Amino acid sequence: MALSRPSLFNPRSVSRLNPFIFCSRHRPFRPRVFPFTSIIRRSSTVAAASADSDVFTSPLTSKTFDFASEERIYNWWESQGYFKPHQESAGEPFVISMPPPNVTGALHMGHAMFVTLEDIMVRYNRMKGRPTLWVPGTDHAGIATQLVVERMLASEGIKRTDLSREEFISRVWEWKKKYGGAITSQIRRLGASCDWTREHFTLDDQLSRSYMVNWSPKLQTAVSDLEVEYSEEVGTLYYIKYRVAGGTRSDFLTIATTRPETLFADTAIAVHPEDDRYSIYVGKQAIVPMTFGRHVPIISDRYVDKEFGTGVLKISPGHDHNDYVLARKLGLPILNVMNKDGTLNEVAWLYCGLDRFEARKKLWADLEEAGLAVKKESYTSRVPRSQRGGEVIEPLVSKQWFVVMEPMAEKGLTALEKGDISIIPERFEKIYKHWLSNIKDWCISRQLWWGHRIPVWYIEGKDCEEDYIVARNAEKALEKARDKYGPNVEIYQDPDVLDTWFSSSLWPFSTLGWPNLSADDFQHFYPTTVLETGHDILFFWVARMVMMGIELTGKVPFSYIYLHGLIRDSEGRKMSKTLGNVIDPIDSIKEYGADALRFTLASGTSGQDLNMSFERLTSNKAFTNKLWNAGKFVLQNLPSESDYSAWQALGGFKFNVEDTFNQLPLPERWVVSKLHELIDTVTSSYDRFFFGDVGRSIYDFFWSDFADWYIEASKARVYNVEDPSVAAVSRAVLLYNFETVLKLLHPFMPYVTEQLWQALPHRETALIVSPWPNTSLPRDVKSIKSFETLQSLTKAIRNVRAEYSVEPAKRISATVLASPEVLHNISTEKEVLALLCRLDIQNVQFTNAFPEYANQSVHIVAGEGLEAYLPLADMVDIATEVQRLSKRLSKMQSEYDALVARLSSPQFVEKAPEDVVRGVREKAVEAEEKITLTKNRLRFLQSTVLVSE
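In short, a report on the structure. (Residues numbered from 1 in each chain as written. Predicted model: local features only at pLDDT ≥ 70, side-chain atom pairs only at ≥ 80, totals over all residues. Heavy atoms only, no water.)

### Quick notes on the sheet that holds strand S27 (residues 812-818)
- Spatially, 4 strands are ordered S28-S27-S30-S29 in an open sheet, and the strand pairing comes out mixed. Pairing within the sheet leaves two strands with one partner each, and these edge strands are strand S28 (839-847) and strand S29 (857-863). Across this sheet, the average inter-strand angle for adjacent strands is 20°, counted without regard to direction.
- Two elements, S27 and strand S30 (residues 866-871), share 4 bridges in a ladder whose sense is antiparallel. Across the sheet, the residue bridging to Leu817 is Glu867, located in S30.
- Contacts between helix H25 (residues 781-803) and the sheet are confined to S27, S28, S29 and S30, with S29 contributing the most and set at about 150° to the helix.
- Contacting S27 and S28, helix H27 (residues 830-837) crosses the sheet at an angle of about 130° to S28. (Pairing = 2+ DSSP bridges. Helix = DSSP H or I, 4+ residues; strand = E, 2+ residues; numbered from the N terminus. Axes fitted to C-alpha atoms, helices over the stretch in contact; angles between N-to-C directions. Contact = heavy atoms within 4.5 Å.)

### As for the environment of Leu767
- Locating Leu767 in the fold gives a position in the loop between helix H24 (750-759) and H25.
- For Leu767 and Leu756, which are 11 residues apart along the polypeptide, the C-alpha to C-alpha distance reads 9.4 Å.

### Focus: the environment of Phe738
- Locating Phe738 in the fold gives a position in helix H23 (residues 724-745).
- With near-sequence residues (within four places) excluded, Phe738 lies in contact with Leu627, Ala630, Gly631, Val634, Phe702, Phe706, Leu756 and Leu760.

### Side note on the packing of aromatic side chains
- Enumeration according to the criterion identifies 37 aromatic pairs in this entry.
- When the centroid spacing of 4.5 Å and the interplanar angle of 10° are considered together, the rings of Tyr124 and Tyr686 count as stacked. Take Tyr124 and Tyr686: they sit in the same class, and that class is buried.
- Summarising the aromatic geometry, the rings of Phe168 and Trp449 are spaced 5.7 Å apart at their centres and angled 70° between planes, so their arrangement reads as edge-to-face.
- Here Trp449 falls in the buried class, since its relative accessible area comes to 19%.
- Against the face of Trp77 rests Arg123, its NZ or CZ located 4.4 Å from the ring centre. (Phe/Tyr/Trp six-rings, centres within 6.5 Å; stacked < 30°, edge-to-face > 60°. Buried < 20%, exposed > 50% of the residue type's maximum accessible area, 1.4 Å probe, protein only. Lys NZ or Arg CZ within 6 Å of the ring centre and 35° of its normal.)

### Observations regarding the packing of helix H17 (residues 594-602) against H24
- Running from N to C, H17 and H24 cross one another at 125°; their axes reach a closest spacing of 7 Å. Our classification of the angle between H17 and H24 gives oblique. Along the contact surface, H17 presents Ala594, Asp595 and Arg598, while H24 presents Pro750, Tyr751 and Val752.
- Across the contact of H17 with H24, the residue classes break down as 4 nonpolar, no polar and 2 charged. (Parallel < 35°, antiparallel > 145°, perpendicular 65-115°, else oblique. Nonpolar A, V, L, I, M, F, W, Y, C, P; charged D, E, K, R; others polar.)

### Remarks on the side chain of Arg189
- Among the structural elements, Arg189 can be located in helix H6 (residues 182-189).
- Overall, the relative accessible area of 17% leaves Arg189 in the buried class.
- Apart from the residues within four sequence positions on either side, Arg189 is in contact with Glu70, Glu71, Ile586, Ile589, Ala594 and Tyr751.

### Description of the pattern of salt bridges
- Summed over all chains, the structure comprises 35 salt bridges.
- Among the ionic pairs, Glu261 bridges to Arg360, the shortest N-O distance being 2.8 Å. Remark: Arg360 occurs in helix H8 (residues 356-369) and Glu261 occurs in the loop between strand S9 (252-257) and strand S10 (268-271); sequence separation between them is 99 residues. The exposure classification of Glu261 matches that of Arg360, with both residues buried.
- With a closest N to O distance of 3.8 Å, Asp705 and Lys674 form a salt bridge. Of this pair, Asp705 sits in helix H22 (residues 691-718) while Lys674 sits in helix H21 (residues 666-687), and the two are 31 residues apart along the sequence. Summarising the burial analysis for this pair, Asp705 and Lys674 share the class buried. (Salt bridge = Lys/Arg side-chain N within 4 Å of Asp/Glu carboxyl O.)

What follows is the structure, encoded as structure tokens:
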């Protein structure tokens, strides 16, 4: 890493800047058996819980999942040591360092998003059997924290400068101790399964020359380019005369500037070399206004834009980044007219001591009086403002410590090109490459008191530009200084602190204990596997960590970089207090539960912004309840725990074995096939970080295939008391599907799934550490197609029942016509079809011949080679229905005629608003369609009456 002072930063010295410590060895994990205290019987009350804990309650004793149990479950997980990595686990380690939230902060939806996604990754890989470590921590947030404490002191009538540095820092630590834990307790509420024994704070104990920086006068510190936000704002463009020295009164150049107060720092006037308007003045001198005759050269350079303003540019290298670069190229002097508090200094003569904006007003008035003010006009420009305080940032020349970034950037680019790191979504690779290819040197010193103090000591009486010591601490620095300058030397430390982002760029490996980590642990848990963070943090943190990691350790700090989007409101707007559209995660957890919030946050598309709404939270809360109620049904239909023969029979069903699988009846073979397809799909999506696909796949399978179809179909078997073997098959499939779904869904919804898992008898481990389901299990494509045919028939019959308003409890007859192949596949499921469609099972026929009552029936075509006839007499009183439809048709015709009459009126069509006319036309078309349908149905019913007579 090349720096302005190259001896400062080498791997050994950098390690001392951020001395995080400790990476403890782990005790071996032993699975814990959960003895259950009660017996599960159908329709009985259950209170399943571990013998030494009151954490879990049975779904059978509670109407819905109780969110109040979430904290108890979390504490139980942590107390059992499930969040710690276990090195004896098979597989490659999976490690994430939490992007440390500001210690000043409270949980917002951005935090909730990254915590949810990281916890999903961690829980999934833990269940896959990999040694899994998630390192938590908080950031000291240099500027933000200092501002918070300064405001607190101000409320007591104390200024920071009234205290010594040590006294102020002591007050900050007091504040941190009292309020700094709020964010981590809120992160716990979301279910974050971090190894909290390794929690770190970025201030835990465990390069300089004149340069252009972004200066915040209010904060009194340099700020990073990335902490400056630009906004399009309407301001003023000032046109000012610069007289040509030695010329007549008509010899002058007019410049246009948005910051006239910086003219006192002008060191040249520039024009384009091909601008014929000003070529006669190149090489002469111009007189800077209001400076009592100070001369600057008139130069030419292609840097000047001929089309902007007047085509004449004032060069103020001490107050403009581009001017600074030009001045360095041409060897121009650099003047600074600004004090650190935003007031003008003695270079500005009569304006010395005035605030920069006050000086601007006074200067313009004086220019007008002197006849040097040409005009001013409204002008929109990109204004740089501090991300923290919102004030206008002042480009300023200041002595700071810089990191030379280009050599490091090359290594970061090479790592991506070689495939050592992967960025997800892939489209962000272009942004990463562009930023590193155009990177600027990094100002890493901040004029604050709170943060990592620059580890540089100067020698009393020596030039600090030439004589300085880099050391781990003051004692080491003094020892070095005495060796070099003699025993009586005195030293003092640089007052600045490191940029918070510089400290944070060491986070992933310093939290793992580097460089004090033992060799075994370091090799086992480093490099980290995944960095997950918001895409807007890509440059602040991600790219810098890649570069620092490679520079200091020779390795990339992570294999994958996963970038999520922003959380917006339901209308796609950024959440802000001003708009009043902020959704508080903790409030959402209290009302909807952590599981519903997590599922909502994780169900978006990778890298895309997510629109958040209460409707989505409500929907996913309903999903939690659906899961809960399905759990009730499964539990109610399991044998009692003491019925060993029944449980032995259940255990005999090995659905991963082809022979057992192939003997299943159609609905069971269908749902198990769909489940095995789901396992493969979900596992692949987890591995590729496609979490939105995971959520949608599980949701669709569970809600539709399992709950709405299979659970309903299973009722035809589990209530069969005549043949216990029939019920046993269905119970085994119910249990197998349900427990597998709990595993697949656990990373998304850990609380409700663990609660339901604990209610199932004979669970020998907690769900959080249970093994992930195997992939590539048996499935039968023909069974899937056959059951889908049965589903199509069921939906068609249900639609007819709804169309004719058949009472839900009423059983009707049906004759099903099918091709031989279809008939063979579905005729064995007569009981299932009857149950799902509310059919009279004694009057359900499967045949290939038309029924006698075909002309008095509703005819259904449910698919190729599949039809059904439903007798009208079973569904409605035909004479009464004819009378009802006749009245309805008469009313509909009157409404339609009225609409047609309006549309036939030229006065309405020509004078009414276009959208009103269009609306009437649409209503008329809709009414005509309804009339046609009603007439057809009425004609059919009337013909049925005639046939019956």
